[in-house]
Amino acid sequence: MRPLAEMAVAVLNTADGREKTALSRGFAAEWFAARAQDTAPDIGRANPPDHPARPDTPQLVAPRDVPKRRPGTPEGRIALLHAVAHIELNAVDLHWDVIARFTDTPMPIGFYDDWVKAADEESKHFNLMCDCLEELGSHYGALPAHAGMWRAADDTADDLFGRLAVVPMVLEARGLDVTPGMIKLFEQAKADSAVNALNTIYAEEVAHVAYGSKWFHFLCGRHEKDPKVAFHALVRQYFHGLLKPPFNEEKRAEAGIPPDFYWPLTEELT
């Protein structure tokens, strides 16, 4: 079995979404097969790319240039599924990137267990969204997509604290806020495949946010930092803009993020 960091880079350097996620799931299976033997496989060292490989489509555009479609129409529902597929593909890369990029920071083996599991589940989520798109006569790459998805990774490339604060605890936590509304929209359209897929994503994303919170608090304890103070400072440093309610307070609490972490970030500092 090759070192985990090399596996991560192989995923990052694979452009096609279906191929990337197949490789991701295969590596995750190898990792957990080894862990089932009560071994701690080699993490290794690697040089991850600044940006993951991407297919020729979708065309990546600025957020303001992504076409707006009414969610109550078939075209709008396809656009929504396409956007979620794009988010999930970026999440695959973000989770493998955190494995490969921060190997100089010694972490317990459980850190790698969590992010390999998250990457495996994000790979499943991407494929679920692709299946839903194809069922509706479309495919991933058929529409333009948000070009800013990797910005948080660029901004936190040298800061594991910042990466954990912004990616799982802000960006993925936002998914907990908006996914219930999406599920209702597809329920109203009687789109059972999409409803089932989104329910799977919703259930599993709570754990991904929780991994971020767990390891952020771990690092804060190691460095004797106040987690709430550190979180506020890092989000204000790396996240562009204010956090926007409404918040799914129940699921955020389940993931280990209390309200006094995020509500203060809805307002400018005075």
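Scroll up a little and you will see the structure.
Presented here is a report on the structure given in the accompanying data block. (Residues numbered from 1 in each chain as written. Predicted model: local features only at pLDDT ≥ 70, side-chain atom pairs only at ≥ 80, totals over all residues. Heavy atoms only, no water.)

**As for the overall build of the protein chain**
So, point 1. Of regular secondary structure, the protein chain possesses 10 helices and 2 strands.
So, point 2. Across the protein chain, helices and strands are ordered from the amino to the carboxyl terminus as α-α-β-α-α-β-α-α-α-α-α-α.
So, point 3. A globule of 270 residues ought to have a C-alpha radius of gyration of about 18 Å, and the protein chain, at 18 Å, matches this closely.
So, point 4. Expressed as lengths along the three principal axes of its C-alpha atoms, the size of the protein chain is roughly 50 × 50 × 30 Å.
So, point 5. Of the contacts made within the protein chain by residues no fewer than 6 positions apart, 82% connect residues no fewer than 24 positions apart.
So, point 6. In the protein chain, 28 positive and 40 negative side-chain charges are present, and the distance between their average locations comes to 4 Å. (Helix = DSSP H or I, 4+ residues; strand = E, 2+ residues; numbered from the N terminus. Rg over C-alpha atoms; globule rule 2.2 N^0.38 Å. Contact = heavy atoms within 4.5 Å. Lys, Arg positive; Asp, Glu negative; His and termini not counted. Charge placed at Lys NZ, Arg CZ, Asp CG, Glu CD.)

**Section: the pattern of salt bridges**
So, point 1. Within the structure shown, the criterion is met by 17 salt bridges.
So, point 2. Its salt-bridge partner being Arg 25, residue Asp 120 comes within 2.7 Å of it at the nearest N-O pair. Of this pair, Asp 120 sits in helix α4 (residues 109-135) while Arg 25 sits in helix α2 (residues 17-36); the two residues are 95 residues apart in sequence, bridging distant segments of the chain.
So, point 3. Taking the relative accessible area as the measure of exposure, Asp 120 reaches 17% and is therefore buried.
So, point 4. Assessed through its relative accessible area of 34%, Arg 25 is described here as partly exposed.
So, point 5. The salt bridge involving Arg 35 is made with Asp 113; its shortest N-O contact spans 2.9 Å. A residue pair is termed long-range when its members are at least 10 positions apart, and Arg 35 in helix α2 and Asp 113 in helix α4 qualify at 78 residues.
So, point 6. Judged by its relative accessible area of 21%, Arg 35 is partly exposed.
So, point 7. Several salt bridges share partner residues, and in doing so they unite Arg 18, Asp 131 and Glu 134 into one network. (Salt bridge = Lys/Arg side-chain N within 4 Å of Asp/Glu carboxyl O. Buried < 20%, exposed > 50% of the residue type's maximum accessible area, 1.4 Å probe, protein only.)

Honestly, that's just the spatial picture; any functional story needs more than this.
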